[in-house]
Amino acid sequence: MPVHVNFRLRRRPDPAPGTALLVSTSDPHVLLAACARLTDPLVFLVTGGFLVVADGVPAGIPNATRLRRLSENLYLPVDADLVPALLPAEAVDLTARRGLVFLPGREPLVFDADRPLKPASFLSVPTPRREGWEPFPAGNPPADQLSSITRILPEMPADDLLQPGAEGIGTETPKVPQVGLGRRALGRASLGFGKGLSALGRLFGSKGLAGLGGKLAGLAAAAAPRLTEELLGKQEAALQRLLKKFREGNTDDALRHAIPIGQEFGRGSQVYASDRLPAQNLSWSLGGLFGHGGAASIWVSNPETWRNLILEYHRAAREAADRGDFRRAAVIYAKLLADFRAAAEVLSRGGMHREAGILFRDKVKQLDRAAREFEQAGEHDEALRLYRLSWMHIEAGDLLRRVGNEEEAVEEYHRAARRVIDQRRDFVEAGDILLKKSGRPDLAIPYFELGWDHRRDSLVNAQNALPCAERLIKLHALAEAHDAFWQVFAEAEDWLKEPARFHDAGQFFNKALECGDLASFQADRSELRDRCRLGLAGQLRNYAKTESSPGTAVADLFGPSRRWSPPVLSDAEFAVRAAVKRRTRDEPRPSRGMTFLRARNDTVTAAVVAPDTGDLFLGFRGGAVVHFDSWTGEFREVREDVGRRAIGLATDSTGVAVAALHESGTDAPLPAYVLEHNVREGSGFRHRARTVVWHECGPLLGLLPLVDRVDGAKAVGVSAIDAIAWYKLPGLVPYPNPGPASPFPPTTHLRLWIVRPSGDTILSFQGGSVAWEERRTTLGWMPDPAPGSTLYTPPVAWLISSAHHVDLAGLFDNATLYWSEVACDLTGEIGVRTLAHVVLGGFRAVAIWRPGQVIGVTATNRVMWLRARSQRFEEWAAGVEIPVPARAVACFPSRRTNEVLVVLDDGGLVRIPVPA
């Protein structure tokens, strides 16, 4: 059995004499310069350069590293020692077939000690190659017939794009009304007082004073329009007059005096120094829409006035669209409200797809929608270009097929399939794309075969392999010859004999039975049925060897397909019961110290534990959140029923602060969730803050289980597929940008702060990898929900055993128990050891008791005490049964009481003593 040793270099106090040089370049000039200073050197080829061996190597040779000889063909730097050290005989054996050069921070370099380079190998000049002369090939002859005609539309001038829809908008200047003395005096007082408060706020750094001053200044502008040299009052009066025209129904007259509202103000913007509303040339102009880079003019008015004007602009645009004047509606949206998406939508509604496509492409920057608009406009070349830029190869293929280019359409479908494989390693989806879009099994089968052939490469590929096999046998069953069918079927039989494939076996063999209904498979139908029944019987036999209850094994395997007769199912049920009864006759009964409690008569949907105190928090489908004190055995209500499911819980290490994420229960364009913060005070909990979390970062994973720190403040992380949204405590203030010190990758499941004397470090567990000390390594598993689990987020078990060691555990790949030991040495290198444990039916929950000690609860509610030994798990004590029909969904350690807390899906809680 080969032994893998991780060698590393350690600096030695005194450098040894040099006997070789490593020239880290392929440039022969540098090599010759180094050889010129040596006596009778030998040159060997290594990766990235040359190894030069001589009797003595002086110091100071440029572009070279001095090496010393540890054995005949083993070299390392003159100031380094090899750790672990090698005996002379071991060094000779290690380099018997190849020479090695050890360097710090990289793999050893290999060279052939029996083949030194001759000078001619790097001094010779290759003979120049001269191609034979040939005349230019003859051009294509003229076409005999015309096959297609393409209409190329010139770019429409920007000023003429929507010119017909802009008549009578922004062409006149309104007159300014006068105001009374009372309103002028009130406005003058409010404006002066407001300016004073704003100045005090800026002086003392008080945002409250500055904000109050701004409000009073706005009140002044609304109350007396002729203040501040009549400017503010004139502008406010002009806008009020404009608003009055809209409200009186004089929409056309009002639009002639309209002023843009949605423009952005940047550097160089200044207050508009006039009371005369500028005459608006609202003719359509792409240049005008996209801006000219100049400074904007700011109109000063009451915010309420602007809100009312926005409503009137929207109403005028809707009325124009309802009567069929879509160009005029687009002008109002684009020029007056700067809402280019709405302008493009209304143009598309009016059938002006080319103009809508230009807006979506150049202003809204939504290339997929722009491509669809250009396709509807008949500009297929531009639509195809945008589809490809957006990686929408399926849509591009559909477009090419509609225009009659079948070969290029199939190539686009292949690009879509390759992208799916590169992005997600999903061979099933890749093959389905070709099968559904082209209708050709010969194009889809290679993708399914590729996914099936990679079933043993990784856990992700293993999950993708079974659907590939199901599609392969279905396609091969349609062929005249069934050799390929039986080959895949035989490979599947061997693969599904593994205990971890219990559920996969039931799914595959029942799918394979469907092939027997095909007319082309009648001759082989009996053989197929017999082999499927034998495969299922083998799984039941393995199940009875390890499980203590028959459970629903027969129903799970044979499924609800009704393809098996009642006598077959009855015989299988009887056989399993008899085998389990014989095996479990002498097994131990449930532990006498087991205690059954009930937190609530509701379904558990979230669970988390405080790692330092063992305080347990449970969330329920009705929205309630309950706290369990393992020391006193008492339940406390943190949050009563709110009618909305709790989908995530987070707490700090002591269980003082707890955050809960609930579904909002409202119908909105984007799904929203309610995040709440509660704090323990005395014997109860007090509500502190509540906020709404919008579903904008992809599908939510829930809350990170531990209250974290962002820029020194406590924060709760809402984890999603694409990003993490942070909310600072206690007020749940959104903190969208944690800064460069916290670059959290997506799909994060866990973040741990680890205290060290040299400074705290962070370990983050996301996807199938961990990051620690700016290094990343792969674990090979990621949290996966157990079959039938009611928890919204699959839990992760962890234990910080030291400042350099962390244990992680969870369920993955058909409810298999995975445990990983992650170690980070002083140099920042990460080492990982991962073990997996399989039982028939899989696990439901997992917890970590001590370093290397894992507690697992199986699908039949059997608690197993497991200890990591070398490359496998062994039980350190006899397992116990939880004699209740409810299923376990989570389990947590309670080290203060030397118990494990098993959470049941119906709101029950079981306290089980941990054996010594």
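See the structure shown above.
Residues numbered from 1 in each chain as written. Predicted model: local features only at pLDDT ≥ 70, side-chain atom pairs only at ≥ 80, totals over all residues. Heavy atoms only, no water.

1. Description of the overall build of the protein chain
A tally of helices and strands in the protein chain yields 24 helices and 40 strands. Long-range contacts, defined here as pairs at least 24 residues apart, represent 55% of the contacts in the protein chain between residues at least 6 apart. Element-wise, carbon and sulfur atoms account for 52% of the exposed surface of the protein chain, whose accessible area totals about 46900 Å². (Helix = DSSP H or I, 4+ residues; strand = E, 2+ residues; numbered from the N terminus. Contact = heavy atoms within 4.5 Å. Areas by Shrake-Rupley, 256 points an atom, 1.4 Å probe, with all protein chains shown as cover.)

2. Focus on the nonpolar core
If you look at the biggest cluster of nonpolar residues, it comprises 106 residues, and the most contacted ones within it are Tyr313, Trp452, Phe485, Phe489, Phe508, Leu528 and Phe558. It is helix H19 (residues 459–477) that contributes the most residues to this core, 9 residues altogether. With residues near it in sequence (within four places) discarded, tryptophan 452 still touches Ala465, Cys468, Ala469, Leu472, Val488, Glu491, Ala492 and Trp495. Counting residues in hydrophobic clusters, the runner-up holds 21 residues, among them Val863, Trp876, Val902 and Ile912. (Core = buried A, V, L, I, M, F, W, Y, C linked by side-chain atoms within 4.5 Å. Buried < 20%, exposed > 50% of the residue type's maximum accessible area, 1.4 Å probe, protein only.)

3. Details of the packing of helix H17 (residues 427–438) against helix H18 (residues 441–453)
As a packed pair, H17 and H18 sit with axes 8 Å apart at the nearest point and diverge in direction by 175°. Relative to H18, the element H17 is oriented roughly antiparallel. When H17 is examined against H18, the residues Phe427, Val428, Ala430, Gly431, Asp432, Leu434, Leu435 and Ser438 are found in contact with a partner set consisting of Pro441, Leu443, Ala444, Tyr447, Phe448, Leu450 and Gly451. The residue inventory of the contact of H17 with H18, partitioned by class, reads 11 nonpolar, 3 polar and 1 charged. (Axes fitted to C-alpha atoms, helices over the stretch in contact; angles between N-to-C directions. Parallel < 35°, antiparallel > 145°, perpendicular 65-115°, else oblique. Nonpolar A, V, L, I, M, F, W, Y, C, P; charged D, E, K, R; others polar.)

4. Examining the state of the cysteines
In the structure shown here, the tally under the stated rule is 0 disulfides. Sulfur of cysteine 515: no disulfide; nearest cysteine sulfur belongs to cysteine 532 and is 8.7 Å away. By relative accessible area, cysteine 515 is classed as buried at 4%. (Disulfide = S-S within 2.5 Å.)

5. Side note on helix H20 (residues 483–495)
Between its first and last C-alpha atoms H20 spans 19 Å; for 13 residues at 1.5 Å apiece the expected length is 18 Å, and the two agree. Listed as buried for H20 are Phe485, Trp486, Val488, Phe489, Ala492, Glu493 and Trp495. (Expected span 1.5 Å × (residues − 1).)

6. Re the sheet that holds strand E8 (residues 99–101)
Ordered in space as E3-E4-E2-E5-E6-E8-E9, the 7 strands form an open sheet in which the pairing is mixed. With one partner strand each, in any of the chains shown, strand E3 (42–46) and strand E9 (109–111) form the two edges of the open sheet. Within this sheet the neighbouring strands show an average axis-to-axis angle of 30°, counted without direction. The pairing of strand E6 (residues 74–77) with E8 spans 2 bridges and is parallel. (Pairing = 2+ DSSP bridges.)

7. Examining the sheet that holds strand E31 (residues 805–812)
One key point about sheets: their strands pair by backbone hydrogen bonds, in either a parallel or an antiparallel sense. The 4 strands lie next to each other as E30-E31-E32-E33, forming an open sheet whose pairing is antiparallel. Each having just a single partner strand, strand E30 (797–802) and strand E33 (830–837) make up the two edges of the open sheet. In this sheet, neighbouring strand axes are inclined to one another by 15° on average, regardless of whether the strands run parallel or antiparallel. Here 8 bridges tie E31 to strand E32 (residues 816–824), and the two strands are oriented antiparallel to one another. For leucine 808, the partnering residue across the bridge sits in E32 and is serine 820.

8. Description of the layout of surface pockets
Of the voids in this model, the largest pocket is the one considered here, and its volume is about 1100 Å³. Along its surface, the largest pocket is lined by 32 residues, and Asn6, Phe7, Arg8, Leu9 and Arg106 are the ones closest to its centre. Among the elements of the structure, strand E1 (8–11), E32 and E33 are those that each provide at least two residues to the lining of the largest pocket. The leading source of residues in the lining of the largest pocket is E1, at 4 residues. Of the residues that constitute the lining of the largest pocket, the class distribution is 16 nonpolar, 7 polar and 9 charged. (1 Å grid on protein atoms, 1.4 Å probe; cavity = no way out; pocket = protein on both sides within 12 Å on 5 of 7 lines; lining within 4 Å. Points joined across faces, edges and corners; volume = space filled by probe spheres on them.)

9. Comments concerning the packing of aromatic side chains
For the structure shown, the criterion picks out 21 aromatic pairs. Here the aromatic rings of tryptophan 452 and tryptophan 495 are separated by 5.5 Å at their centres, their planes lie at 90°, and the arrangement is edge-to-face. Here tryptophan 452 is found in helix H18, whereas its partner tryptophan 495 is found in helix H20, with 43 residues between them in sequence. With respect to class, tryptophan 452 is no different from tryptophan 495; both count as buried. Here phenylalanine 489 and phenylalanine 508 contribute two aromatic rings whose centre-to-centre distance is 5.8 Å and whose plane-to-plane angle is 40°, an arrangement assigned as tilted. Taken together, the residues phenylalanine 489 in helix H20 and phenylalanine 508 in helix H21 (residues 502–514) connect sequence positions 19 residues apart. (Phe/Tyr/Trp six-rings, centres within 6.5 Å; stacked < 30°, edge-to-face > 60°.)

10. Concerning the pairing of strand E35 (residues 853–858)
Counting buried positions along E35 yields 6 of 6 residues, so the element is predominantly enclosed. Of the two faces of E35, both are covered, the one formed by Gln853, Ile855 and Val857 as well as the one formed by Val854, Gly856 and Thr858. For strand E34 (residues 843–850) and E35, the ladder comprises 6 bridges, and the chain directions are antiparallel. Looking at E35, one finds that isoleucine 848 is bridged to valine 854. Connecting E34 to the antiparallel partner E35 that follows it, the hairpin turn spans 2 residues, and glycine 852 within it adopts a positive phi of roughly 80°. The pairing of E35 with strand E36 (residues 862–869) spans 5 bridges and is classified as antiparallel. The residue bridging glutamine 853 from the neighbouring strand is arginine 867, located in E36. Between E35 and the antiparallel strand that follows it, E36, lie 3 residues; asparagine 861 among them carries a positive phi value of about 60°.

11. Looking at the packing of H20 against H21
Contact geometry of H20 with H21 gives a least axis separation of 11 Å together with a crossing angle of 160°. Compared by their axis directions, H20 and H21 come out roughly antiparallel. Pair H20 / H21 crosses with left-handed handedness. Contact with H20, carried on its side by Phe489, Ala492 and Glu493, involves Phe508, Phe509 and Ala512 of H21 and no other residues of that element. (Left-handed = near helix turned anticlockwise from the far one by under 90°.)

12. Quick look at unusual backbone geometry
Following valine 83, the chain continues into proline 84 via a peptide bond in cis, with omega recorded as -5°. By secondary structure assignment, the location of proline 84 is in the loop between strand E7 (80–83) and helix H2 (88–94). Of note, the amide linkage connecting leucine 729 to proline 730 takes the cis form, showing an omega dihedral of 10°. By secondary structure assignment, the location of proline 730 is in the loop between strand E24 (724–728) and strand E25 (733–735). You will see that asparagine 63, though not glycine, has its phi angle at about 60°, which is positive. By the secondary structure assignment, asparagine 63 is in the loop between strand E4 (49–53) and strand E5 (64–71). What makes asparagine 63 exposed here is its relative accessible area of 56%. The phi torsion at asparagine 861 lies on the positive side, around 60°, for a residue other than glycine. Relative to the helices and strands, asparagine 861 resides in the loop between E35 and E36.

13. As for the environment of proline 62
Mapped onto the secondary structure, proline 62 falls in the loop between E4 and E5. In sequence terms proline 62 and alanine 33 are 29 residues apart; their C-alpha atoms lie 8.8 Å from each other.

14. Here we look at the pattern of salt bridges
Evaluation of the coordinates by the stated rule reveals 45 salt bridges. With a closest N to O distance of 2.6 Å, arginine 531 and glutamate 493 form a salt bridge. Note that arginine 531 is positioned in helix H22 (residues 525–546) and glutamate 493 in helix H20, a separation of 38 residues in sequence. By relative accessible area, which is 19% here, glutamate 493 ends up buried. The salt bridge partner of glutamate 874 is arginine 872, with a shortest N-O separation of 3.9 Å. When its relative accessible area of 27% is taken as the criterion, glutamate 874 is described as partly exposed. Through salt bridges that share partners, Arg361, Asp362, Glu382 and Arg385 make up one connected network. (Salt bridge = Lys/Arg side-chain N within 4 Å of Asp/Glu carboxyl O.)

15. As for the pairing of E36
Burial of E36 is extensive: 6 of the 8 residues sit out of reach of the surface. Of the strand pairs in this sheet, E36 and strand E37 (residues 872–881) are connected by 7 bridges, and their pairing is antiparallel. Within E37, the position partnered with leucine 866 by the bridge is glutamate 875. Between E36 and the antiparallel strand that follows it, E37, lie 2 residues; serine 870 among them carries a positive phi value of about 55°.

Any functional reading would require information that these geometric values do not contain.
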